[in-house]
Structure formats: structure tokens, C-alpha cells
Amino acid sequence: MARFDRLYLCYNDPMSLYTDLNTSELVIPLVHMNYTHPPVLIVGAGPAGLVAALTLLQNGIPVRIIDKDPNPRVGLRGSGIWPRSLELFNFLNVPEVNNLGKPISLIRSYKPGTLEVLKDSAMVLEMEPTPAVPFHIPKIVGQQLLDVVLRRHLQKFSCSVEMGTELRSFKQEEEGVTAVLAKNGVLETFDTKWMIGADGAKGVVRKQLGLTFLGETRDDFCIITGDICLKGVGLDRMYWHQFGTWQERALSLRPTDEVGEDGWQFFITDREVEMTKIVQSEERIFETIASFIPTEITFNKLAWVSEFRANIRMVNKFSEGRVFVVGDAAHVHSPTGGQGLNSSVQDAFNLGWKLALVENGLADKSLLETYSSERLPVISEMLEITTSILNQAITTGGIAARHNPKLSMLGINCRFSNIVLDEFATPVEGKPINAYGVLDEGHLEAGDRAPDAPNVLQVGRRESDVKTLFSLYRPWYHTVLVFAPSLVDATPILGTLEACDHSVVCKAVVLPSSAPVTPIASSCADVVLVDQEGYAYSAYLVEANQTKVFVIRPDGVIGAIVHGAEGVKKYFSKIFLDV
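Along each chain, residues carry numbers from 1 onward, in the same order as the chain's sequence is written. Only residues with pLDDT of at least 70 get local features here, since the model is predicted, and only at 80 or more are side-chain atom pairs given and counted; chain-wide, interface and lining totals rely on the full set of residues. The side-chain numbers reported here are obtained from all heavy atoms of the structure, hydrogens and water having been left aside.

## Regarding the side chain of Glu445
A helix here means a DSSP run of H or I that spans at least four residues, while a strand means a run of E at least two residues long, and both kinds are numbered starting from the N terminus. Topologically, Glu445 is positioned in the loop between β25 (436-437) and β26 (456-459). Reaching out from Glu445, the side chain makes a polar contact with the side chain of His443 at a distance of 2.7 Å. The contacts of Glu445, once residues within four sequence positions are left out, are Arg415, Asp422, Ala425, Lys431, Ile558 and Ile561. Whenever two N or O atoms come within 3.5 Å, that pair is a polar contact, provided that in protein one can donate a hydrogen and the other can accept it, and provided that, for residues adjacent in sequence, both atoms are side-chain atoms. Throughout, a residue-residue contact means that at least one pair of heavy atoms, one from each residue, lies within 4.5 Å.

Shown next, in the form of C-alpha cells:
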């Protein structure tokens, strides 16, 4: 076993996970990475760029990440983190997102011109917690705080964002990309093998790639959003306050301690006035907010403000050659539904593990084509959903559409992908894609989100240890889950996987609760688990006497559901070279 260190972090041995990783700190084998000439340049250091960087670093791929702004961005901006993204940050071992995040407050609306409460209502559909869904409620984390958290995780890899560094132009050839960068008026030519554009809707990467960005700009929807410190008599900080209606003019005030003890995130819309004039004057912003609230208001400071018009657009493809786009560089949309930041980090997570396998020489470059083919249908359906919510807000002034269960993103899938394999699903000719589905815990196919299961007992070590399935899944390897009545039934399947690269494949056996709890050793399995309370067998829809194999991708998606070893090999032949 390699010695452990916290200076240079690179994941080469999945076995270290089960002895050291599931603690409060990442402790992983020491491998020196070549930071002098990283093979990936990431342009843009918002959440999408930072998640791309962290995913690659955890796969042992050094990155250079730049941002044209001289200082980190301020502002809460899009701050809703939905359950699927909370799972993503869990896989990346970034627990701060869930721990620091606040549940979404009830919305308190008022009778016009008064502080008389009209009603209190939930912003989102309430989900009941289940063993398969550990993160069942969305959390609020401002982007300014999220960026800080992610940057700190990059620093564990001796990686930091180069601020004030702008991409001016680039050209790509068969073997790499040459970028022209500018910092403090000095130009630099930088050669790299891959480039990820996370530089937003107005960025350079998408434009120079020549990708289309078709869609519409909605002139019927404009809001001013920002962060402010104020005190108002009668404004209870337990609630998200709404005055007026979105059909005409409205003010939304959400309490947030991230801005200060008297901090609020605000949203203003008013169809009767020119919003651009309001956003340019701090005094007018104060006056506008005060005009909505019939109580004494004390304004302390305006921390950040921006005007937002709904652009609804997406690219025709997410990559060209060795250059990729993620997040707002690939798609922009209405803020209604809060899917933007979440979709952006999920773009990056989908791309990261695939690019790492190709860069490490373990997968063919054609694997990267599935980044675009898997994300295009998801983003297309997301635009339809968020636009529908926008239309309803404009026409009815209501937010009932936000109760759409699809917004949790737990039903997002890639069942249609050419690299997933399901030997149990019946192929249906012309079946619609439905990439933005609703979570159905009674149905599971390859391409779906992998469920969690708590209270599984790891055996075969000196001391037994209770785990969750999610604690096994990480972005730098596939996890082969062999559900079998006994270790004897699982051994032939595991034996055929001995040739797999142990740095990118982890083999786990899941035994039913009827199996003996005495320590069981296996020379073929990395992990042996006993499903003490039946949660794993229930979540994965497996009978206790059945043998069934699931391959969980590094992004937490079920890559394959197969009968045995031949199915696993068939799936891996779609992913790895030399299988």
C-alpha cells in the first residue's frame, strides 16, 4: 500500500477508500502529479469550472484553471442546490455544501399594501425521506460561498485559480490546443491537450468553436436581483417574503446570513418602469424596495446587484474536437425552477470522469462523444420545463409549477445512451427519451441514478463496519455491485474481472440479510457487504435468492444492469480499451 499524505492527492487505489476515505478527511495514496504542464485548461472558475477541475484532479489529472475577473465574484446569484446536485457533491467528498446549506423557507405572501399575511406556502414540493434518497430536500447555498468551498478543495491538490487571466483566442490541432492568454497586458501562448469552456454565455470558447446558440430573448421578463442588508419592522427572518405578483410588479426578499445578520437576497420586477434605470441607482433600488413594504425600513448597504433578462438558448453540441463547453457557455435559461447552476455542475461531472479515462490512456477518445449525446436531451428538456414555469409565473403570477417533482433532478437519466447496458429491460422501438423523468423507486434501469442504501455491514475485515452504498461511489472508478445469495455465487463473476485495472474498477459483493454475519474473506472482492436491513436489495429491486450485477459509473449513474460476468465485460468494452 502506498504511503499516505495530504499534500499531493491522486487516487490510484480504490481499496484505500474502505480504510481511510470515509472519515472526515480525505486521506489517499501519495502520487506526484505533473503540475508544470497540465493537460487540461479550464476557462472560467464559476461552479461548473470548479467542479470540472475537482473531478479531474480526483482522477489524477492536473489542470490549469483561469478566470478573467481579477477578483472572485461576489453575490449569492443562483443559490438553490437540488437533491441530485447534493449527491454529486457527496461523491466529490464536499460535505460542506449540504452541511452549510439552509432549507428553503416558507414563502409568506401578503394582502396588497399591507403586512397582513395572506398565506404561507412551500416553494418546492416536499419529498419524504427514504433510505434510497439521503438528500431529499434542496438546500440554499450562495454561489459566493460555494466558490470558496470548492476553491479550498482544489487547494488540497496544490491547485488554485489564476485570477485576472483571460483567454483571447485558441486553435486546436489533432494532438492538442494552443491558447493565447492575457494577464496584466502580457500575452502568453499555452499548449495543452484539452480545453473546457466554463466561461459563461458571453465567453470566448463557444463563440470561437462556432457552436450555434439558438433560442430566444424574452422581453416580457426582466428582474433585478441582488444582496442587501436592511432591517424592517415586522419582517420575520424565518420566512421568504413576497409582495405583489409576478404578473405586474413584485418584490421577493429571502433572508440569508451569508450576506450578514440583516442580509437578504432580493428579486424585483415591475412592468410599468424601466428596470435598467432602477438597477443603475442604489437610491432607486432602496426606494423601490421600500415602496413594496408598508413598514419602517432601515437600509444598511447594497452588497451586489444585477439586472437579468430571460435568455433561453442552448448549443447544438457540447464539444468540438478537444474543446468542450459546460454550464452557461452551453445553455442559458429562465431562473424559474432553479435548474441552472445544478445543470452546469452536472455537465462538468459527466465530462470529468470520461476525459480522465481518455487522458490516462484507458479509454478511446470516442467515449468523449457521449458527453454531448448524454447532456443534449437533458438540457433540451430542462429548457422546456423552466420556460413553462416562467410562462405560468407571467400569466398567473403563481409558483405552483415549481412543485414539479422533476425539479429535484433525481429522475434525470441517460437510458438512451449508447454506452449503458440493461439486460433486464425490454427494448421498445421508438420509445421517447424522457431524459428529465420523475423519480420512481419502484422502477430502475441502466442510465438511471444509482440509489443509496444505509446500514450495510462491511465484513471480512478485522472489525465490521456499517456503511452506505453512497460511501463506496467516487468519481475516479466504476463500482461493480454483485448482488448474490452467497459469496460462492458471486466468485465466478468476480474472478472474470481480475484483469480489470484495479485503479478504476472496484468490486463489491452485496449479500442478503440472511447471509451469515461472521467475517467473510474474499480474494476476488474489494468489499463484501451484508444488507442487514434489506435496504440495498429493496432499492436495487433484487430478490434475496437472485444474482444480479450493477455497474455504477463514476458519476453515480447505473452504467449496466446485467446477469453476470459476460454482461459486465460487454459493458466495459464500451468504456475501456483492451477489454
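There is more to say, and it comes next.
## Overview of the nonpolar core
Residues Phe89, Ile196, Tyr473, Leu481, Tyr540 and Phe550 are the most contacted members of the largest nonpolar core, which totals 163 residues. Excluding residues within four positions of it along the chain, Phe89 makes contact with Val51, Ile81, Val94, Val97, Leu146, Leu150 and Val345. Only buried Ala, Val, Leu, Ile, Met, Phe, Trp, Tyr and Cys residues count toward a nonpolar core, and they belong to the same one when joined by side-chain atoms within 4.5 Å. Accessibility here uses a 1.4 Å probe with only protein chains present; expressed as a share of the type maximum, an area under 20% marks a residue as buried, one over 50% as exposed, and anything in between as partly exposed. If you look at the next biggest cluster of nonpolar residues, it comprises 22 residues, including Cys222, Phe243, Ile268 and Phe292.

## Some remarks on the environment of Lys507
In this fold, Lys507 is placed in strand β29 (residues 505-511). Here Lys507 falls in the buried class, since its relative accessible area comes to 2%. On a C-alpha basis, the gap between Lys507 and Val562 in space is 15 Å, while along the polypeptide they are 55 residues apart. With residues near it in sequence (within four places) discarded, Lys507 still touches Val480, Leu494, Leu497, Glu498, His502, Cys524, Ala525, Asp526 and Val527.

## Concerning the sheet that holds strand β32 (residues 558-562)
Whether two strands pair comes down to DSSP finding at least two bridges between them. With mixed pairing, eight strands are arranged side by side in an open sheet as β24-β32-β31-β28-β29-β30-β26-β27. Because the sheet does not close on itself, it has two edges, and the strands there are β24 (421-422) and β27 (465-467). Here two bridges tie β24 to β32, and the two strands are oriented parallel to one another. For Asp422, the partnering residue across the bridge sits in β32 and is Ile561. Simply put, an axis is a line fit to the C-alpha atoms, just over the touching stretch for a helix, and the angle between two N-to-C directions goes from 0 to 180 degrees. The strands touched by helix α10 (residues 487-495) are β28 (478-483), β29, β30 (527-531) and β31 (548-552); relative to β29, the strand with the most contacts, the crossing angle is about 160°.

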